[in-house]
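This is what each chain is made of:
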Amino acid sequence: LPNITNVPVDVENPSWDKEALRVEKHVEGDVSHLPADQRYEFSITLNGVKDQYLGRIFGADDQPVENSDIEMVNGVPKTFYLQAGQYLKVLELPENSGYVVKEISKLPNCHVSVQITDSKGTRTETDTAEGIGGGVVVYTNAFYFELPETGGPGIPWHTLGGGLLMAAGCLWYRKKPEGEGA
């Protein structure tokens, strides 16, 4: 009988090159008011899966972020965080499985757009990404500069004061005797 140590065992490790779903984070515009390590909160829910699935966050350099593995099961929302340039990979989802991804972070002076590329083609959403099977979901936060208020509560009072001065000037001009001029 063969010894148990002599029996070859083939253990399949997940291949991070075979991705089924990729969620990316991009940031555009003036971000000088944000911390350099600003994190954006997301929620992901897998639907129609039977097993536990693994996701891992990678940096802009395509290297895994330390302690970033996320375990997901059917129908349970899971929270994760991405910084600008980072992305989440979820491995080997079944073809008919679904996903819902939402960005939870809401920052002022920021427009969020979502571009989804999958078997249905490419489409754009405003907040939530929903799809079936794999694909690429790109969340882009475009920060814009808020223009300063140019009016304010003083405008009606200044207009009224200016109108009164103009009326007083007209009356003063008409009361002068003829020939003296203004």
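First, a word on scope: everything that follows refers to the structure included in this document. (Residues numbered from 1 in each chain as written. Predicted model: local features only at pLDDT ≥ 70, side-chain atom pairs only at ≥ 80, totals over all residues. Heavy atoms only, no water.)

### Focus on the layout of surface pockets
Stage number 1. Empty space within the largest pocket amounts to approximately 170 Å³.
Stage number 2. Taken together, R39, I57, V65, E66, N67, S68, I70, T79, F80, Y81, Q83 and Q86 make up the lining of the largest pocket.
Stage number 3. Top element by residues in the lining of the largest pocket is strand β5 (residues 78-83). It accounts for four residues.
Stage number 4. Its residues assigned to classes, the lining of the largest pocket shows five nonpolar, five polar and two charged. (1 Å grid on protein atoms, 1.4 Å probe; cavity = no way out; pocket = protein on both sides within 12 Å on 5 of 7 lines; lining within 4 Å. Points joined across faces, edges and corners; volume = space filled by probe spheres on them. Helix = DSSP H or I, 4+ residues; strand = E, 2+ residues; numbered from the N terminus. Nonpolar A, V, L, I, M, F, W, Y, C, P; charged D, E, K, R; others polar.)

### Regarding the sheet that holds strand β7 (residues 98-103)
Stage number 1. Here four strands make up an open sheet; going across it, the order is β5-β2-β7-β10 and the pairing antiparallel. Both edges of this open sheet fall to β5 and β10 (128-132), since each of them pairs with a single strand only. The average undirected angle you get between the axes of adjacent strands in this sheet is 25°.
Stage number 2. Relative to β10, β7 runs antiparallel, the two being bridged by five bridges. Its bridge partner lying in β10, Y99 is registered against G131. (Pairing = 2+ DSSP bridges. Axes fitted to C-alpha atoms, helices over the stretch in contact; angles between N-to-C directions.)

### Things to note about the packing of aromatic side chains
Stage number 1. A full pass over the atoms with the stated rule returns three aromatic pairs.
Stage number 2. Ring centres of F42 and Y139 lie 5.0 Å apart, and the angle between their planes is 75°; this geometry places the pair in the edge-to-face category. Here F42, found in strand β2 (residues 39-47), pairs with Y139, found in strand β11 (residues 135-143); they are 97 residues apart in sequence, far enough to count as distant. The pair F42 / Y139 is uniform in exposure class, with both members buried.
Stage number 3. Pairing F58 with Y87 gives two aromatic rings, centres 5.6 Å apart and planes at 10°, and the pair type is stacked. You can see F58 sitting in strand β3 (residues 53-58) and its partner Y87 sitting in strand β6 (residues 87-91), a full 29 residues away along the chain.
Stage number 4. Given the relative accessible area of 5%, Y87 is considered buried.
Stage number 5. Lying over the aromatic face of Y87, R22 brings its terminal NZ or CZ to 3.5 Å of the ring centre.
Stage number 6. Across the ring face of F58, the terminal group of K89 is positioned such that the distance to the ring centre comes to 4.8 Å. (Phe/Tyr/Trp six-rings, centres within 6.5 Å; stacked < 30°, edge-to-face > 60°. Buried < 20%, exposed > 50% of the residue type's maximum accessible area, 1.4 Å probe, protein only. Lys NZ or Arg CZ within 6 Å of the ring centre and 35° of its normal.)

### Some thoughts on the environment of I70
Stage number 1. Of note, I70 is situated in strand β4 (residues 70-72).
Stage number 2. Accessibility expressed as a relative area gives 7% for I70, which makes it buried.
Stage number 3. Between the C-alpha atoms of I70 and K89, which are 19 residues apart in sequence, the distance is 9.7 Å.

### Brief notes about a nonpolar patch on the surface
Stage number 1. The grouping of W157, L160 and L164 at the surface amounts to a nonpolar patch, some 390 Å² of accessible area in total.
Stage number 2. With respect to the element layout, W157 can be found in helix α1 (residues 155-175). (Patch = residues over 30% accessible without salt bridge, like charges linked within 9 Å, V, L, I, M, F, W, Y side chains within 5 Å. Areas by Shrake-Rupley, 256 points an atom, 1.4 Å probe, with all protein chains shown as cover. Salt bridge = Lys/Arg side-chain N within 4 Å of Asp/Glu carboxyl O.)

### With respect to the pattern of salt bridges
Stage number 1. Following the criterion strictly, the structure yields five salt bridges and no others.
Stage number 2. Its salt-bridge partner being R123, residue D118 comes within 3.0 Å of it at the nearest N-O pair.
Stage number 3. Using a relative accessible area of 12% as the deciding quantity, one classes D118 as buried.
Stage number 4. A residue is classified by how much of its surface remains accessible, and R123, at 22% relative accessible area, is partly exposed.

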